[in-house]
Amino acid sequence: MLARILRAAAALPCAGALGLALLVAPPAQATEPTPRPLSSGWFGWWATQDQVEDLAARNGGATGEVNVFWWFFDGPARPLCTYDNDSMSGDCVVSSTPWTTRRFQAMRTTLQDSQVRVLASFTDLDPGRAGQLATYISSPENRRSFARKIRIWAKQAGVDGVDLDWENFAFNDERDTWPTTRASFIAMVKRLSSELHSAGLTLSVTVPAGWRPFLPDGRPNPGTGYWVYAWPEIIGHVDRLRIMAYDYSWETPGPIGPRNWAAQVIDSAIAQVGRANAEKLWIGVPQYGRNWPLSSGGRWVTEPGCPADWTPDTTPVRTNPTIEQAVAIAARESVTPTWDPVAAEWTYRYFYDYAGTSGGRALTCGIQREVWYSDTRSAQARVKLAMGKRIAGIAAWQFGQVTPDFYPAMARLALRWAKAPTAVRVRAEAEATFDRTVPVRVIVNSDGERVSGASTVLRFTPAGTTSPITVAEAVTDAEGVARFSPAATQSGQWTAHVRGDWARLPGDSGPATTTVSPVVAARALTSAPVVGERLRIRAGTQPAIGAFALTLQRRTPDGWRTQARATTRYDGTAILSYVPVQRGDVILRVVALPSDAFGRGVSPNLRLSVGG
């Protein structure tokens, strides 16, 4: 009987449902634009503290995270080693804290104190170890222990994540090992992803950019040629995929990372991993030079007047100048570098004297050399390309060689492409009845317009607590509104978090409060009440819990007068009673008093006839 009364009472409209009494949470207010962290990249293990401090002080919010060459694979006996940069030997650290060094810790704290996240790059670059890492991770047991150890070391080192830079697969292992290595690599990434993400850490994978991004039939070339890295299979498990779009020209002179080639690499990558994962992509940009000796038809290209039979005493080789060294060579040789607008790099040629012989006689001749280098202007062009393709940004190799104008230039672009703030409002009924549906709307605006397709998370913080609970997720409709219909379980505050995307920052609303009233039912246990005898009323609440403070009220010409008080038992019931003093009709009700968790609840009126 009481249950039927409670269900009937729940069907009655509450004050909030009758009207349009909505509480609206104000949108979060943005002040100045937040720079887009569009620049990432690497420091070698040999980086200096001065170089790290320069980035920390001058990057202007453009660099959100840095990968530091931290660990390396030193064979199956020591699969995880820390570079010894305290002694600057680069050997495997042997100490009581094998996961880090004093210098690494100084670099990490400097960067993190300036809001730059630090990822420990784990490299496999030693050609003498070719094939060993692929064999090591082919064992499921090794993968499990390896991933666990990487996670433990990352937490002990205090880094924000791990960057896998395993290049032997591509450049030194035999291609006929790729099918096996590919399967092992996918399994390793999945296992490591699970370990790191469970600890709140980021997983990045660095991969090469092959010279042919597309096949002749127009399909994307898997892995742009290096299909061992299985981009489509790992993309759902990684947070970053950094593509080394440099060293396009290696044995023969040419641009290092031409922009037109990088554009094709990005297009191929997006086609392989899907547009939804494009924000995980970072395109590499070189910050260095290459200097080649020129040859033609099997002979060195020499200056006019050099005999045809002349040969140098030592074979000229390619050198790898820094940007500053490349600029200095041009100045020394009185040559003006030319900007190549297609490659977005600088180039020039000059003659360099070599000792040699001709006809058995010693003779010095000049061999022509060709220099290409990629500098801050090149990086700016690569940023513009990345932003046009709507990927995350650039990854510079390497920060230790950038010129002084690099960080200010990136900072300007970071403001130019700053993500628009996201304004979020929550609208919810101010009052609701327990277990009724509460219409909640989340309105999302950005850059002066409503945002459709925005991923929205509705959260609820119960009254008297401080920890929000995720209630549901939805996507905003064409009107920029995400609609929710949660059940009213107790009083509290609704808030919403809207995830960001390539163009927008994430946004959070202010709170909107809903006060939830319990359902209260009452019935008389005395079938024929008379004056002077105790009249007993059984009350019940939904939710059926203890500690509701109840009052039994009687209507009088002057209003409602309290006749009795009680507290519900564990099952939400209580007995209230009073003694009538006069004959005639009496109208009673039971009121649940407000508490931290619930508002005021009132039962339907109970009309009784008191006899004499």
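See the structure above.
This text gives an overview of the structure that appears in the document.

Cut-offs and rules
Residues numbered from 1 in each chain as written. Predicted model: local features only at pLDDT ≥ 70, side-chain atom pairs only at ≥ 80, totals over all residues. Heavy atoms only, no water. Pairing = 2+ DSSP bridges. Helix = DSSP H or I, 4+ residues; strand = E, 2+ residues; numbered from the N terminus. Axes fitted to C-alpha atoms, helices over the stretch in contact; angles between N-to-C directions. Buried < 20%, exposed > 50% of the residue type's maximum accessible area, 1.4 Å probe, protein only. Salt bridge = Lys/Arg side-chain N within 4 Å of Asp/Glu carboxyl O. Disulfide = S-S within 2.5 Å. Expected span 1.5 Å × (residues − 1). Contact = heavy atoms within 4.5 Å.

## Focus on the sheet that holds strand β28 (residues 519-524)
Remark on secondary structure: sheet strands pair via backbone hydrogen bonds, oriented parallel or antiparallel. Strand order in the open sheet formed by 3 strands is β28-β29-β32, and the pairing between neighbours is antiparallel. With one partner strand each, in any of the chains shown, β28 and β32 (573-578) form the two edges of the open sheet. Averaged over all adjacent pairs, the angle separating strand axes in this sheet is 25°, with direction ignored. Where β28 lies against strand β29 (residues 535-542), 6 bridges are found, and the strand directions are antiparallel. Bridging from a neighbouring strand, Val520 pairs with Thr541 of β29.

## Focus on the environment of Glu251
Mapped onto the secondary structure, Glu251 falls in the loop between β8 (240-244) and α10 (259-273). When its relative accessible area of 73% is taken as the criterion, Glu251 is described as exposed. It is 24 Å that separates the C-alpha atoms of Glu251 and Gly44, two residues lying 207 residues apart in sequence.

## A word on the pattern of salt bridges
On inspection of all chains with the given rule, the structure shows 21 salt bridges. Residues joined in a network through salt bridges with shared partners are Glu65, Arg117, Arg240 and Arg242.

## Observations concerning the state of the cysteines
The full count for this structure, using the stated rule, is 2 disulfides. Bridging Cys81 to Cys92, the disulfide has an S-S length of 2.1 Å. Taking the sign of the torsion about the S-S bond as the criterion, the disulfide between Cys81 and Cys92, at about -80°, is left-handed. Taken together, the residues Cys81 in strand β4 (residues 81-82) and Cys92 in the loop between β4 and α4 (102-113) connect sequence positions 11 residues apart.

## Overview of helix α8 (residues 178-198)
Because an α-helix completes one turn every 3.6 residues, residues spaced three or four positions apart along the sequence face the same direction. Here α8 contains 21 residues, and its C-alpha end-to-end distance of 29 Å stays within 8% of the 30 Å for a straight helix at 1.5 Å per residue. Here α8 has its buried residues at Trp178, Thr181, Ser184, Phe185, Ile186, Met188, Val189, Leu192, Ser193, Glu195 and Leu196. Summarising the contacts, the buried residues of α8 are in contact with α5 (132-136), α6 (140-157), β6 (161-166), α7 (168-171), β7 (202-208) and α9 (231-234). Following α8 by one or two positions, Gly200 has its phi on the positive side, about 75°.

## Remarks on unusual backbone geometry
Cis peptide bonds are those with omega within 30 degrees of zero, and the linkage from Trp397 to Gln398 qualifies with -5°. When you line up the elements, Gln398 lands in the loop between β17 (393-397) and α13 (406-416). The omega torsion of the bond from Gln542 to Pro543 falls at 10°, within 30 degrees of zero and hence cis. Along the polypeptide, Pro543 turns up in the loop between β29 and β30 (549-556). Non-glycine residue Asp447 carries a positive phi angle of around 55°. For Asp447, the position within the fold is in the loop between β20 (440-446) and β21 (449-450). Owing to a relative accessible area of 69%, Asp447 belongs among the exposed residues under this scheme. One non-glycine residue, Ala547, lies in the positive phi region at around 80°. In this fold, Ala547 is placed in the loop between β29 and β30. Take Ala547: its relative accessible area is 64%, and that puts it in the exposed class.

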